[in-house]
Amino acid sequence: VFSPIGGVNDSGFLSLTEAATSQNGSLVVNNFSGSNAQGALIANFNINLTASGTSIPGVPADGFSLSWGSDVPDDVINTGAEEGAGTGLIITFDVYDNVDANPDNGAGEAPAIGIKYNGAFVTPERLVPRAFLQPLDWARVAVRVENDGTVDVSFNDTLVFLNVQLPNWTGL
């Protein structure tokens, strides 16, 4: 659903889900160069994981991901959207702690940010405080993939991964 106001600097924004249980949403951008493989990618977007922007609400299960590849589905990922889809490059933003459902005690696998390629993590997921992944306002996400297969990821203007090498990179 597109809203003409309420985004960054009161700009418009696209809402993938409402603040309710059992919601899934996706935005699919098809390969704009046809069937040609791309060796580099720059993705910049803002995200808001809070309902009101005034305080950290309950945990927004489960998170989100950026999936880039030729086998990403054209429709909504119905389960595990925070884990991504396909076997290409996936940047995971896992908010919900599946170990004990408490993302604030450090006991589980989340909140965390990770990089997957060819179906497996190429780095250990980086655990982060929930307040980091769920700031009170819009957070800027930046992902850069260089032609040499190195990846940089930042969240809310904080560098999380720098020059992570994707094994056997040939582009997607």
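Since the model is a prediction, treat every value here as computed from it, not as a measurement.

The rules behind the values
Residues numbered from 1 in each chain as written. Predicted model: local features only at pLDDT ≥ 70, side-chain atom pairs only at ≥ 80, totals over all residues. Heavy atoms only, no water. Helix = DSSP H or I, 4+ residues; strand = E, 2+ residues; numbered from the N terminus. Rg over C-alpha atoms; globule rule 2.2 N^0.38 Å. Buried < 20%, exposed > 50% of the residue type's maximum accessible area, 1.4 Å probe, protein only. Contact = heavy atoms within 4.5 Å. Polar contact = N/O pair within 3.5 Å; in protein donor to acceptor, adjacent residues only side chain to side chain. Salt bridge = Lys/Arg side-chain N within 4 Å of Asp/Glu carboxyl O. Pairing = 2+ DSSP bridges. Axes fitted to C-alpha atoms, helices over the stretch in contact; angles between N-to-C directions. Core = buried A, V, L, I, M, F, W, Y, C linked by side-chain atoms within 4.5 Å.

Trainee: I'd like a description of the overall build of the protein chain, backed by residues and values.
Mentor: A tally of regular secondary structure across the protein chain gives one helix and 11 strands. Seen in sequence order, the protein chain has helices and strands lined up from the N terminus as β-β-β-β-β-β-β-β-α-β-β-β. For 172 residues, the compact-globule estimate of 2.2 N^0.38 gives 16 Å, and the C-alpha radius of gyration of the protein chain, at 16 Å, lies within 12% of that figure. If one aligns the C-alpha atoms of the protein chain with their principal axes, the spans along those axes are about 45 × 40 × 30 Å. The 172 residues of the protein chain split such that 34% are buried. Here the analysis covers contacts within the protein chain between residues at least 6 apart in sequence; of these, 51% occur between residues at least 24 apart.

Trainee: Report on the environment of threonine 150, specifying residues and quantitative values.
Mentor: Along the polypeptide, threonine 150 turns up in strand E10 (residues 150–155). Taking the C-alpha atoms as reference points, threonine 150 and threonine 50, 100 residues apart in sequence, are found 31 Å from one another. Threonine 150 has contacts with Arg144, Val145, Asn163, Val164 and Gln165, leaving out every residue within four places of it along the chain. A polar side-chain atom of threonine 150 sits 2.7 Å from a polar atom in the side chain of aspartate 148.

Trainee: Describe the pattern of salt bridges, listing the residues and the values that go with them.
Mentor: Scanning the model with the defined rule gives four salt bridges in all. Between aspartate 157 and arginine 140 there is a salt bridge whose closest N-O contact spans 3.7 Å. Of this pair, aspartate 157 sits in the loop between E10 and strand E11 (158–165) while arginine 140 is found in strand E9 (residues 139–145), placing the two residues 17 residues apart along the sequence. Using a relative accessible area of 60% as the deciding quantity, one classes aspartate 157 as exposed. Looking at arginine 140, the relative accessible area reads 38%, which means it is partly exposed. Of the charged contacts, one joins arginine 144 and glutamate 146 as a salt bridge, the two residues approaching to 3.1 Å between their closest N and O atoms.

Trainee: So, the sheet that holds E10: which residues are in play, and what are the values?
Mentor: An order of E3-E9-E10-E11 is seen for the four strands of this open sheet, with the pairing classed as antiparallel. Every other strand in the sheet has two partners, leaving strand E3 (41–47) and E11 as the edge strands with one partner each. Averaged over all neighbouring strand pairs, the angle between strand axes comes to 10°, with direction disregarded. Relative to E10, E9 is paired through five bridges, and the arrangement is antiparallel. Across the sheet, alanine 142 pairs through a bridge with serine 154, a residue of E10.

Trainee: Describe the nonpolar core, listing the residues and the values that go with them.
Mentor: Phe93, Ile113, Ile115, Val153 and Phe155 are the most contacted members of the largest nonpolar core, which totals 27 residues. Elements with a minimum of two residues in this core: E3, strand E4 (63–68), strand E5 (89–94), strand E6 (112–117), helix H1 (130–133), E9, E10 and E11. For this core, the element with the highest residue contribution is E9, accounting for four residues. Aside from chain neighbours lying at most four places away, what touches valine 153 is Ile91, Phe93, Ile113, Ile115, Ala142, Val143, Thr158, Leu159, Val160 and Phe161.

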